[in-house]
Amino acid sequence: MAPDATPAPFDRLEIQVGPHTYDALACGPADGEFVLLLHGWPEFADSWSAVLTALGAAGYRAVAVDQRGYSPRARPPRIADYAVPELVADALAFADSQGADRFHLVSHDWGGMVAWALAGAHPERLKSLTVLATPHPDALNRAAAEDSTQHHMLDYVRFFRRDDGAAEAALLADDAARLRATYGGKVPAALVDGNVRRLSEPGALTATLNWYRAPESVISVPAGRIIVPTLFLWGSEDVALGRGAAESTGEWVDGPYRFDILEGASHWLPEEVPGLVTPTVLEHLAQYV
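Small disclaimer: the values here were computed from a predicted structure and weren't measured. (Residues numbered from 1 in each chain as written. Predicted model: local features only at pLDDT ≥ 70, side-chain atom pairs only at ≥ 80, totals over all residues. Heavy atoms only, no water.)

1. Considering the pairing of strand E8 (residues 257-262)
Argument step 1. As paired strands, strand E7 (residues 230-235) and E8 are joined by six bridges and run parallel to one another. For Leu 231, the partnering residue across the bridge sits in E8 and is Arg 258.
Argument step 2. Between the parallel elements E7 and E8, the chain passes through helix H10 (residues 243-248) in a crossover that is right-handed. (Pairing = 2+ DSSP bridges. Helix = DSSP H or I, 4+ residues; strand = E, 2+ residues; numbered from the N terminus. Right-handed = clockwise from strand over helix to strand, strands pointing away.)

Set out below in structure tokens:
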């Protein structure tokens, strides 16, 4: 991200993890409780701009990172480099870099898959978990197996998993018309333009699609049972992640659990309805300081 592209109220950070350098946005006092925010596809840290501002104003130290493949200096070449355990290790390292032994984790879309996996494997690291849009992977797996509608809602994933360049070509053709259409008109035009510009850089789109290609199958994300306090927000108009998987997610959560349906909202909750998302997230975090 060019310095002049940094949203005004935020600090711009560089986080070193092994050989990789990650770009991040931060808001709030340095000594505030740490909140890590993980974006989805095809988004970057600035998808959290409104949420970051609210968290910072509430006294939290909120950090959103351009994750592996999204940060230009964290773009390893192999598909296997984007396996979920690698992404989970990155997230833990982001928290470590900020001195946070335990922290709040807020996530959306693919970031939610990483968050479920992290919460299942490392509950001792989390004060709370918040997931937007993304059902627990096992709930989504079951729904896709039992419900043909949910199965076909994931056809785009099957297309993205092709590693022959077809997905990249289709998404970027005609001034990235198909990539732009992914946002369904729910994301501000300036964010869409910025995302498209950054994903059009050589190798960028392939790196982000490798998140889809690394698992053994469409939804083979290890998560397990969740014991940390969990908030799950889902939009009723989500065109990729259906109601059945969303409503059954609680079956995999053994800790305190809140599930809210945002009626009329789409998949793009952080950008589309931050005014609905933020108060609920703040209420959730405040219970688990």
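2. Some words on the nonpolar core
Argument step 1. Grouped together as the largest cluster of nonpolar side chains are 74 residues, with contacts concentrated most on Leu 36, Trp 41, Phe 103, Leu 105, Trp 110 and Leu 129.
Argument step 2. Setting aside residues no more than four positions away along its own chain, Trp 110 makes contact with His 39, Gly 40, Trp 41, Val 84, Thr 134, Trp 211, Tyr 212, Pro 215 and Val 221.
Argument step 3. Formed by 24 residues, the second largest nonpolar core is a distinct cluster that contains Leu 25, Val 35, Leu 55 and Leu 285. (Core = buried A, V, L, I, M, F, W, Y, C linked by side-chain atoms within 4.5 Å. Buried < 20%, exposed > 50% of the residue type's maximum accessible area, 1.4 Å probe, protein only. Contact = heavy atoms within 4.5 Å.)

3. Remarks on the pairing of strand E5 (residues 103-108)
Argument step 1. Counting buried positions along E5 yields six of six residues, so the element is predominantly enclosed.
Argument step 2. Here E5 shows a buried face lined by Phe 103, Leu 105 and Ser 107 and a second buried face lined by His 104, Val 106 and His 108.
Argument step 3. By the bridge criterion, four bridges tie strand E3 (residues 34-38) to E5 in an arrangement that is parallel. In the sheet register, Val 35 faces E5, and the bridge partner there is His 104.
Argument step 4. You can see the chain leave E5, run along helix H3 (residues 110-121) and come back into strand E6 (residues 126-132), and the turn it takes is right-handed.

4. Focus on the sheet that holds strand E1 (residues 11-17)
Argument step 1. With mixed pairing, eight strands are arranged side by side in an open sheet as E1-E2-E4-E3-E5-E6-E7-E8. The sheet is open, and its two edges are formed by E1 and E8, each paired on a single side. Put simply, the sheet's adjacent strands are angled 20° from each other on average, direction ignored.
Argument step 2. Inspection of the sheet shows E6 paired to E7 by four bridges, in the parallel sense. Across the sheet, the residue bridging to Val 131 is Phe 232, located in E7. (Axes fitted to C-alpha atoms, helices over the stretch in contact; angles between N-to-C directions.)

5. Quick word on the confidence of the model for the protein
Argument step 1. Averaged over all residues, the pLDDT of the protein equals 95, while 97% of them reach at least 70.
Argument step 2. Low pLDDT, under 50, characterises residues 1-7; the stretch is placed with twelve contacts to residues that sit more than four places away or in other chains. (pLDDT = per-residue confidence, 0-100.)

6. Section: the environment of Glu 247
Argument step 1. Note on placement: Glu 247 falls in helix H10.
Argument step 2. With 15 residues separating them along the chain, Glu 247 and Phe 232 place their C-alpha atoms 9.9 Å apart.
Argument step 3. Beyond its immediate sequence surroundings of up to four residues, Glu 247 is in contact with Phe 259 and Ile 261.

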